[in-house]
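Each chain is listed here by its residues.
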Protein chains: 2
Amino acid sequence: MDKFSKNQLERYPLYLKYFKELEESGIETISSPKIADRFGYSQEQVRKDLQAISDSPGKPKCGRSVQQLIVDLETFLGYRNVASAIVIGTGHLGEALLNFPAFSDMGLEIVAGMDSDPSKVGSTVGGKEIYDIKNLKDVVDSLSIQLAIITVPAEVAQRVVDIAIESGIRGIWNFAPVSLIVPPHIAIENVNLASSLAVLAHKLGKATTADID
Amino acid sequence: MDKFSKNQLERYPLYLKYFKELEESGIETISSPKIADRFGYSQEQVRKDLQAISDSPGKPKCGRSVQQLIVDLETFLGYRNVASAIVIGTGHLGEALLNFPAFSDMGLEIVAGMDSDPSKVGSTVGGKEIYDIKNLKDVVDSLSIQLAIITVPAEVAQRVVDIAIESGIRGIWNFAPVSLIVPPHIAIENVNLASSLAVLAHKLGKATTADID
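Residues numbered from 1 in each chain as written. Chains lettered and ligands numbered in written order. Predicted model: local features only at pLDDT ≥ 70, side-chain atom pairs only at ≥ 80, totals over all residues. Heavy atoms only, no water.

A.B. asks: Go over a negative patch on the surface, please, and point to the residues and values.
C.D. replies: On the surface, a cluster of negative charge is made up of A:E21, A:E23, A:E24 and B:E155. Among the elements that make up the negative patch, the one with the highest residue count is helix α1 (residues 6-24) of chain A (three residues). Relative to the helices and strands, A:E23 resides in helix α1. Residue classification places A:E23 among the partly exposed positions, given a relative accessible area of 40%. (Patch = residues over 30% accessible without salt bridge, like charges linked within 9 Å, V, L, I, M, F, W, Y side chains within 5 Å. Areas by Shrake-Rupley, 256 points an atom, 1.4 Å probe, with all protein chains shown as cover. Salt bridge = Lys/Arg side-chain N within 4 Å of Asp/Glu carboxyl O. Lys, Arg positive; Asp, Glu negative; His and termini not counted. Charge placed at Lys NZ, Arg CZ, Asp CG, Glu CD. Helix = DSSP H or I, 4+ residues; strand = E, 2+ residues; numbered from the N terminus. Buried < 20%, exposed > 50% of the residue type's maximum accessible area, 1.4 Å probe, protein only.)

Written out as structure tokens, the structure is:
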């Protein structure tokens, strides 16, 4: 059973970023109340979050070692086990992801792109070669790819994902605005900008009518 | 009180996309069991979701009107009230968002970009002019901007958001990997790619070790 909630998993990269800033400023220890204060979380939540991923307890008067917290978080988040990935679909969003330098710090190495457009195949984006999507299986095999980042249009996403899984991909990071069906042994995570925008529009509508209620 | 859960709000754009596909195929009515089947949701969930946003009940033998569902969903999601937005920070991600044609169908009109880099100010991306971030207040006023899309680096995001709110922005769509502090009357929604990737890495790790458990 998975004891981590999605909200909790989403907090860890924020903690990590903060601890790295502290380390750069030469700060060696940090207490849970200070962390809680920085993020507006409760002290209990911060303590629970950090206990779940770190074996080394803080000392009552000094707090926790910043360096140890960074090691524990990076290990837990998988940033120390690099996964290699391809971007399938090199439209505007796919290009942006291929150009993103920060992913390598997060344990994700994007090694290539795939597209069906002959004018794109053979070119490079962000220094990575764009291959013909017809050769997906060969590329997955020869470059030992574990993750596929899906940035194709919604209407072809399921077909592309099916082929990627047949080719040996083990995880899907889906940016296409559609809910994909994958076998239970495949890890999938969706980034749905349309849904996120819908949530924002709803909040904005509420904020606008707040003084009427 | 808000009676919509975040998960529920995230399902509505998926329903809408499906209903539009049905409409294009000339299908006029749809039943809850068929919708449930399409997405792998329970019939109860689909019924509850649709009742919450539509006053027109389905007929027992025919199902619901696809056209009416589209109108109700678009109204609920705010796609019929266009909000104007600026993209602050025109790096790779900001550029991709400026180039994204699909947002206009979702009630979001991106009208301009902002940057501090003199080599970008005065140029256009996706047909939209890039203004100097120093002139944020003037741009918000003269173009009647409601939403700011934040694609600046994490370390300057809070400062940029503070200025945007002072300038009269009412909603924030935040792509910077940092938790921002905003007053309660400001709508905010975060798209945190680092967090999403952490969730995926965690699932991938579980999937890999599943046969050991």
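A.B. asks: Mind laying out helix α3 (residues 43-53) of chain B, listing which residues take part and the relevant values?
C.D. replies: Residues and elements named next belong to chain B. If you check which residues of α3 are buried, you get V46, D49, L50 and I53. Relative to the axis of α3, the buried residues are bounded by an arc of 90° and lie together on one face. Exposed and oriented more than 90 degrees from the buried face of α3 are E44, K48 and Q51. (Arc of directions from axis to C-beta.)

A.B. asks: Quick rundown of the interface of chain A and chain B? Include the residues and the values.
C.D. replies: Taken residue by residue, the interface counts 55 residues in chain A and 55 residues in chain B. Buried surface at the junction of chain A and chain B, summed over both partners, amounts to about 4800 Å²; 72% is from carbon and sulfur atoms. On inspection of chain A and its partner chain B, the count reaches two salt bridges. Inspection of the region where chain A meets chain B yields 10 residue pairs in polar contact (both at pLDDT 80 or more). If you list the elements that add at least two residues to the side of chain A that touches chain B, you get α1, α2 (32-39), α5 (92-99), α7 (154-166), β8 (171-174), β9 (187-190) and α8 (193-209) of chain A. Residue contributions to the side of chain A that touches chain B peak at 15 residues, all from α8(A). (Contact = heavy atoms within 4.5 Å. Buried area = accessible area lost by both parts, 1.4 Å probe. Polar contact = N/O pair within 3.5 Å; in protein donor to acceptor, adjacent residues only side chain to side chain.)

A.B. asks: I'd love a proper account of the side chain of B:K128, names of residues and values included.
C.D. replies: All names here are of chain B. Tracing the sequence through the fold places K128 in strand β6 (residues 128-132). Summary of buried charges: K128 has no salt-bridge partner, and the nearest side chain of opposite charge, E109, is 7.9 Å away. If we ignore the near neighbours within four places in the chain, the residues touching K128 are L98, I110, V111, A112 and S123.

A.B. asks: Residues and numbers for the relation of the copies chain A and chain B, please.
C.D. replies: Least-squares fitting of chain A to chain B yields an RMSD of 0.0 Å, with the transformation described by 0.0 Å of translation along the axis and a rotation of 180°. Taken together, the turn and the small shift mark the pair as related by a two-fold rotation axis. Using C-alpha coordinates, one finds that chain A approaches the rotation axis most closely at A:A96, a distance of 3.0 Å. With an isologous cut-off of 70% or more, the 100% of interface residues of chain A that recur at the interface of chain B puts this contact in the isologous class. (Least-squares fit on C-alpha atoms with pLDDT ≥ 70 in both.)

A.B. asks: Could you give me a rundown of unusual backbone geometry, with the residues and numbers involved?
C.D. replies: In terms of backbone geometry, most residues other than glycine have negative phi values and most peptide bonds are trans. You will see that A:S144, though not glycine, has its phi angle at about 50°, which is positive. For A:S144, the position within the fold is in the loop between α6 (136-142) and β7 (147-150).

A.B. asks: Tell me about the pattern of salt bridges, residues and numbers included.
C.D. replies: Oppositely charged side chains are able to pair whenever their charged atoms sit close together. Counted by the stated rule, this structure contains nine salt bridges over all chains. In this structure, A:D141 and A:K137 form a salt bridge, with 3.4 Å as the shortest nitrogen-oxygen distance. A residue pair is termed a helical-turn pair when its members lie 3 or 4 positions apart in one helix, as A:D141 and A:K137 do in helix α6 at four residues. A:D141 sits in the partly exposed class, given a relative accessible area of 45%. Measuring nitrogen to oxygen at the nearest pair gives 3.0 Å for the salt bridge that ties B:K20 to B:E74. Placement of B:K20 in helix α1 (residues 6-24) and of B:E74 in helix α4 (residues 66-76) is noted, with a sequence separation of 54 residues between them. Overall, the relative accessible area of 11% leaves B:E74 in the buried class.

A.B. asks: Account for the packing of α1(A) against helix α3 (residues 43-53) of chain A, with residues named and values stated.
C.D. replies: Residue and element names in this part refer to chain A. Following both chains from N to C, one finds α1 and α3 inclined at 90°, their axes separated by 11 Å at the closest point. Taken together, α1 and α3 sit at an angle that is classed as roughly perpendicular. Across from Q8, R11, Y12, Y15 and F19 in α1, the residues of α3 making contact are Q45, V46, K48, D49, L50, A52 and I53. (Axes fitted to C-alpha atoms, helices over the stretch in contact; angles between N-to-C directions. Parallel < 35°, antiparallel > 145°, perpendicular 65-115°, else oblique.)

A.B. asks: Account for the sheet that holds strand β7 (residues 147-150) of chain B, naming residues and giving values.
C.D. replies: All names here are of chain B. Ordered by their spatial adjacency, seven strands build an open sheet running β5-β6-β4-β3-β7-β8-β9, and the pairing between neighbours is mixed. Of all strands in the sheet, those bounded by a partner on one side alone are β5 (124-125) and β9 (187-190). Bridge count for strand β8 (residues 171-174) against β9 is four bridges, and the pairing is parallel. Counted as the bridge partner of N174 is N190 from β9. Set on the sheet, helix α7 (residues 154-166) makes contact with β3 (83-88), β7 and β8; between it and β7 the angle comes to about 170°. (Pairing = 2+ DSSP bridges.)

A.B. asks: Would you mind going over the pairing of strand β6 (residues 128-132) of chain A in detail, with residue names and values included?
C.D. replies: Residue and element names in this part refer to chain A. In this sheet, β6 lies alongside strand β4 (residues 108-115) in parallel orientation, the contact comprising three bridges. Pairing of M114 across the sheet is with Y131, part of β6. With antiparallel pairing between neighbouring strands as the criterion, strand β5 (residues 124-125) and β6 make up a hairpin whose turn holds two residues, including G126 at a positive phi of roughly 60°.

A.B. asks: Describe the side chain of A:R11, and please don't skip the residues or the numbers.
C.D. replies: You can see A:R11 is positioned in helix α1. If near-sequence neighbours (up to four positions away) are discounted, A:R11 is found in contact with A:Y41, A:Q45 and A:D49.

A.B. asks: Please give an account of the environment of A:A52 that cites residues and values.
C.D. replies: When you line up the elements, A:A52 lands in helix α3. A sequence separation of 33 residues divides A:A52 from A:A85, and the C-alpha atoms of the two residues are 28 Å apart.

A.B. asks: How would you summarise the packing of aromatic side chains if you had to cite specific residues and measurements?
C.D. replies: All names here are of chain A. Going through the model one piece at a time under the given rule, you end up with 22 aromatic pairs over all chains. Between Y15 and F39, the aromatic rings sit 5.5 Å apart at their centres with planes inclined by 85°, giving edge-to-face as the arrangement. Of the two residues, Y15 sits in helix α1 while F39 sits in helix α2, which places them 24 residues apart along the sequence. F39 carries the same exposure label as Y15, and that label is buried. (Phe/Tyr/Trp six-rings, centres within 6.5 Å; stacked < 30°, edge-to-face > 60°.)

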